Amino acid sequence: MSDATLVRRARRGDAAAFEALVRRHYRAAYAVALAVLGNAMDAEDVTQDAFVRAVERMDEVREPERFKGWLLQIVRNRSRNYLGYRRLRTTRPLDTVSAAALENPGRDAERAELQGALESALAQLNEVQREVVLLHDLEGWKHREIAEFLAISEGMSRQHLMTARRALRERLGGGLLKEYSND
Amino acid sequence: MTDERIDFSALDPTAEGDRFEEAVGRINAAVAPALTARRARGNVFGQVAGWWRPLLAAATIAGIVSAATLALVEAPASQGESETGLAEAIGVPEQIAQWARNDELPNPAELLIALEEAQ
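Residue positions are given per chain, counted from 1 along the sequence in the order it is written. To label them, take the chains in the order written and letter them from A, then take the ligands in the order written and number them from 1. Reporting of local features is limited, given that this is a predicted model, to residues whose pLDDT is at least 70; pairs of side-chain atoms are given and counted only at 80 or more, and all residues count toward the totals for whole chains, interfaces and linings.

A. How the structure looks around the interface of chain A and chain B. The interface is formed by 37 residues belonging to chain A together with 27 residues belonging to chain B. Contributing elements (two or more residues each) for the side of chain A that touches chain B: α2 (15–37), α3 (40–56), α6 (109–122), α7 (127–138), α9 (154–172) and β1 (177–181) of chain A. The secondary structure listing takes helices from DSSP runs of H or I that are at least 4 residues long and strands from runs of E that are at least 2 residues long, numbered from the N terminus. It is α2(A) that contributes the most residues to the side of chain A that touches chain B, nine residues altogether. Amino acid classes used here: Ala, Val, Leu, Ile, Met, Phe, Trp, Tyr, Cys and Pro are nonpolar; Asp, Glu, Lys and Arg are charged; the rest, including Gly, are polar. Residue classes in the side of chain A that touches chain B are distributed as 19 nonpolar, five polar and 13 charged. What counts as a contact here is a pair of residues whose C-beta atoms, placed from the backbone, lie within 7 Å.

Shown next as structure tokens:
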């Protein structure tokens, strides 16, 4: 079922339709939140908050078929607001935050370690680089989609991806990397 | 050309099924009141929309019936008769009413005669 149909149903209060939108776009929303915030736990909180905001503002979606872009703008704005709030509340530098390791002691230790390492490595990048590399490598977007969402050229998107990957490889080493065909 | 994609699976929020389901459940719970309100609003609009057309149709029919009834009642009485009847009812002499209907201006003598005849 298309996003446009799900949005129209959700506007009428169809919970199943909205849940389908959540499942479909959760990872992309999370990727954007993580790119802005650099912290998995905060990104999760903001992602969930953004979906709640999306329901409240569902009537403002002018082009239901472009719901994803509209949602991700909400995520980005909420993330930036949260970032400002967090800066006022804490003095912890971004690259020392390993929420998975600190706040989820019961979770798989290896996964938590990887998560912490990735968060620290991502913190070395700027926000646009994080958005590009997460949307491309985590969410699987094409450069055309990334360029449209970030209002940059496809060439610039490729450039950011290359720079981000190089920086992450230097930081992480080869253990966390996989070989894929480039798009 | 190949390139090394970074393996972000440790950060993938959907990779851990239970955890993802919890997140979806939290969102569902948080948006439930708003969705309920949307359904209720839709029902109110639906009810109004449902009643609006029959009401409009009934009002239209009532209007047509009223107009037709009025036309039937008024039709037998001619315009002249009804105006004469009104003049008589308020005590205006027939001759004076006639002048008024025809937009004629009598001379003073004719007016006096008409008034005397009426008395």
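B. Examining the confidence of the model for chain A more closely. All names here are of chain A. pLDDT runs from 0 to 100 and stands for how confident the predictor is about each residue. Mean pLDDT over chain A: 83, with 83% of residues reaching 70 or higher. Ignoring residues within four places in sequence, the model shows residues 92–98, a span with pLDDT below 50, making eleven contacts including any to other chains. Taken together, the stretch residues 179–183 has pLDDT below 50 and engages in eight contacts with residues farther than four places along the chain or on a different chain.

C. Representation of the environment of Q124(A) within the structure. All names here are of chain A. Tracing the chain through its elements places Q124 in the loop between α6 and α7. Exposed residues have 12 or fewer other C-beta atoms within 10 Å of their own C-beta, buried residues have 20 or more, and residues in between are partly exposed; the C-beta atoms are placed from the backbone. On the basis of neighbour counts, which here come to 16 C-beta atoms within 10 Å, the residue Q124 falls in the partly exposed class. Through-space distance from the C-alpha of Q124 to that of R171 is 8.7 Å; in sequence the pair is 47 residues apart.

D. Region of the structure containing the nonpolar core. Residues and elements named next belong to chain A. Think of a nonpolar core as buried Ala, Val, Leu, Ile, Met, Phe, Trp, Tyr and Cys residues, each tied to the set through C-beta atoms within 7 Å. One finds A29, A31, V32, A33, L34 and V75 to be the most contacted residues of the largest nonpolar core, which totals 55 residues. Per element, the largest residue contribution to this core is 14 residues, and it comes from α2. Sequence-distant contacts of V32, that is, excluding residues within four places in its chain, are made with L72, V75, R76, S79 and E131.

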